[in-house]
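Structural overview
The chain contents come next:
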Amino acid sequence: MTLSGALEVASCTDPGMVRSHNEDSIASDGDQGLVVLADGMGGYNAGEVASGMATTVIITELQQLLQKRVPYEIDAHSGQLVAHQLLHEQIAKANTSIYQAAQSQPQYAGMGTTLVVALFYDNKMTVAHIGDSRLYRLRGDELRQVTKDHSLLQEQIDSGVITPQQARQSQNKNLVTRALGIDPIVEAEIHDYDTQPGDIYLLCSDGLCDMVSDDDIGLALQTLSSNLKLCAQHLVQTANDNGGRDNISVILVRVLRDYPAPRSIVGKMMSWFK
Amino acid sequence: MAKLILSMDGLVLKEIALTKERTTIGRKPHNDIQIDNLAVSGEHAVIVTILQDSFLEDLGSTNGTVVNGQPIKKHFLQNSDVVELGKYKLKYVNEAPAGQAKAADFEKTMVLRPGSTKSAAPAPAPAPAAAAPVAVAAGAKNFGDTVAGQSVTAAPVAPSKPAAAPQKNAALQLLSGANAGKELDLTKPLTTLGKPGVQVAVITRRPQGFFITHVEGASFPVVNGKTLDAQAHSLNDHDVIELAGVKMEFFLKT
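Reference entry: report on the structure contained in this document. (Residues numbered from 1 in each chain as written. Chains lettered and ligands numbered in written order. Predicted model: local features only at pLDDT ≥ 70, side-chain atom pairs only at ≥ 80, totals over all residues.)

Topic: the overall build of chain A
Under the convention used in this document: Under the scheme used here, helices are H or I runs from DSSP no shorter than 4 residues and strands are E runs no shorter than 2 residues, and both carry numbers assigned from the N terminus. With C-alpha atoms as the basis for the radius of gyration, the globule rule is written as 2.2 Å multiplied by the number of residues raised to the power 0.38. Exposed residues have 12 or fewer other C-beta atoms within 10 Å of their own C-beta, buried residues have 20 or more, and partly exposed residues fall in between, where C-beta atoms are placed from the backbone.
Of regular secondary structure, chain A possesses eight helices and 12 strands. Relative to the 2.2 N^0.38 estimate, which gives 19 Å for 274 residues, the radius of gyration of chain A is 19 Å and therefore close to what a compact globule would have. Counting only C-alpha atoms, chain A reaches 60 × 50 × 35 Å along its principal axes. The proportion of buried residues among the 274 residues of chain A is 57%.

Rendered as C-alpha cells:
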C-alpha cells in the first residue's frame, strides 16, 4: 500500500546551542505514511545509540511489514487492529534490542529513549508514544497538543499538585516516567485519530517545546505552511535563538489529500474467509 | 538542593537544607524547624519537597503564613521567596545550577521509574498536597489509559530567554500599489508578505535582527535591486524590497 502524494513530510534536527552532540534521531517514509522521532538519554554517546536503534528498528521493520500487512484490517488472531498490533510488536522489539544492549555492554548501561511514531492510513493516523516527545496538530488556526507527556510534571498537573502555569517555573523538567529500553517490557500509549486534508502534524523532541511557546509554534505552522522545509528550519532556529539548551528535532507532516483505504468487494470477501 | 535561611530582625539564625519530603514548621519541639514564639502555632506550616520543587502549605495556623507580603494557604516556592511567621523570616533559596556545563548536565532527560521513585521521592504523607505526587510514582504504569488529545501545555516557555527579541522595532512602508504610503509594523516573530499561491516571503524577527526569506512562488523577492536566493537575507535600515509587483521600504524605528 502506498500513500504516494497524500502526505508531504519535512524534517530538521539540530544539536542546539549547548550540547556537543545530537542524541535525537528521526526517520520518515512519506509513501508508507510513517514518521518516527526519538530523543535518547544516557551517558557519553549511549543516548544516540538508543534513539538510533529505536528509529532504525521501527522504520525498517514497519516498512517491510507494511508490504504485506494492511494496517486498517483486524488481525484474525488477536482481534486487534493491524496498525496497533504492528506498532506494539515493533516497539517491543526496539525496547528489547535497546534493553539487551544496555545490559550486555557497560558503556550503554542505563541508556533509553523517548519515542513518538505516527502511522497514516485510511484517512486516519495511529500515534504511539512513550515519554515526553510530542505530537501536535494544526487544524485551521488551532494548534493542539495530541500526545500527553509521560513525565513527572504532566502527572503533577493531572493530579492538581501544580497548575500548567506553575509547571513552567518547575525545576523538575526532563523527568520522564516511561522510556524505551529501560525495562524489559514497556507499554506505549497508542491512539487513533481522524485526519483531514490541510492538517499539519508536528512531531518534536522537548528541545523544541521547552524553548518555544505553543503560540510561536502555532504561528510558524500557520504562516509557513506553504513551505514545510522552511517551517521546520524556522522552528529549530527559533529554539536556538531562545537558547537551544537541548537537541531539537522536528518532523512536519501535511495531509495533501484524502487517502481512503482501497476497499474492493473482492478484498472484503477475502478478509471474511481469512 | 534547596534550603531555608531563618532570620529575625535581619539577623541570620540558621540554615536548613530541605532534604526531607516533609519539613514541618511550628512552635512545638517535634517540628523540623522549631520556632519558639507565641505568634507561631504548634503545627504552623509544612514544606513538601518533590525532587527540585518545594511547596509551602499553612496547616490552619492562628496567625497565618505570609509569602512576599501575601497571606497564603498553599504556595509553590520560588527562589528567594520570603516566608514570614510572626517576627521570623524564612528565605527560600533554590538556585539553578550555575555553570553552563553543569546546567546542561542537569537538564538531561532522565527516567523516573516507579521502583526507583520510592527512594528518590519519598514515602506517602497524609497532607493532600503530598498525597498526589506519591500516587504518581506508583500510578505511572497505568497512566497510559488516560485519554490523550487534550491540549495540556506542560512547560512550553523557556526558563531563560536571552535577548528574546531584537532591541529595535521595525516597519515596512509600501511605496507602490493600491496601499502605497501605508505602514506595517513588524511586531510578530513572523510576518508574511505577498499573495498566497503567487509569491510569498516572510520577515522573521530574531535577536540578531530582521531577515527576509522566500516562502513560495516561482519568483524570489528582490532587495535593493538584487534577486535573493532561497537563503534568509538580513535586512538593513532603508532596504527596498520588491515582491509580487509591490515595492516597500524596510526601516528601523527608534
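Digging into the sheet that holds strand 7 (residues 65-67) of chain B
Residue and element names in this part refer to chain B. Defined as follows: If DSSP finds at least two bridges between two strands, the strands pair. Every angle, taken between N-to-C directions, lies between 0 and 180 degrees, and every axis is a line fitted to C-alpha atoms, over only the stretch in contact when it is a helix.
The strand order across the open sheet built from six strands is 2-1-11-10-7-8, with neighbouring strands paired in antiparallel fashion. Two strands lie at the open edges of the sheet, namely strand 2 (11-17) and strand 8 (70-72), each paired on one side alone. Averaged over neighbouring strand pairs, the angle between their axes works out to 30 degrees when direction is ignored. Bridge analysis of strand 7 against strand 10 (residues 82-85) gives two bridges, and the strand direction is antiparallel.

Describing the sheet that holds strand 4 (residues 33-34) of chain B
All names here are of chain B. Strand order in the open sheet formed by five strands is 4-3-5-6-9, and the pairing between neighbours is mixed. Both edges of this open sheet fall to strand 4 and strand 9 (74-76), since each of them pairs with a single strand only. Pairing geometry for strand 3 (residues 22-26) and strand 4, over two bridges, is parallel. Counted as the bridge partner of Ile25 is Ile33 from strand 4.

Overview of helix 2 (residues 82-104) of chain A
Residue and element names in this part refer to chain A. Note the following rule: One fewer than the residue count of a helix, multiplied by 1.5 Å, yields its expected span. Contacts are defined on C-beta atoms placed from the backbone: any two residues whose C-beta positions lie within 7 Å are in contact.
With 23 residues, helix 2 should cover 33 Å at 1.5 Å per step; its first-to-last C-alpha distance of 33 Å lies within 8% of that length. Buried residues of helix 2: Val82, Ala83, His84, Leu86, Leu87, Gln90, Ile91, Ala94, Asn95, Ile98, Tyr99 and Ala102, and no others. The inward-facing, buried residues of helix 2 abut helix 1 (46-68), strand 4 (112-113), strand 5 (115-121), strand 6 (124-130) and strand 10 (189-194).

Notes on the pairing of strand 5 of chain A
All names here are of chain A. Most of strand 5 is tucked away: seven of the seven residues are buried. Burial of strand 5 is two-sided: the residues Leu115, Val117, Leu119 and Tyr121 facing one way and the residues Val116, Ala118 and Phe120 facing the other way are all buried. Bridge count for strand 3 (residues 34-41) against strand 5 is four bridges, and the pairing is antiparallel. Looking across to strand 5, one finds that Val35 is bridged to Ala118. Between strand 5 and strand 6, which pair antiparallel one after the other, the connecting turn spans two residues, and Asp122 there sits at a positive phi close to 50 degrees.

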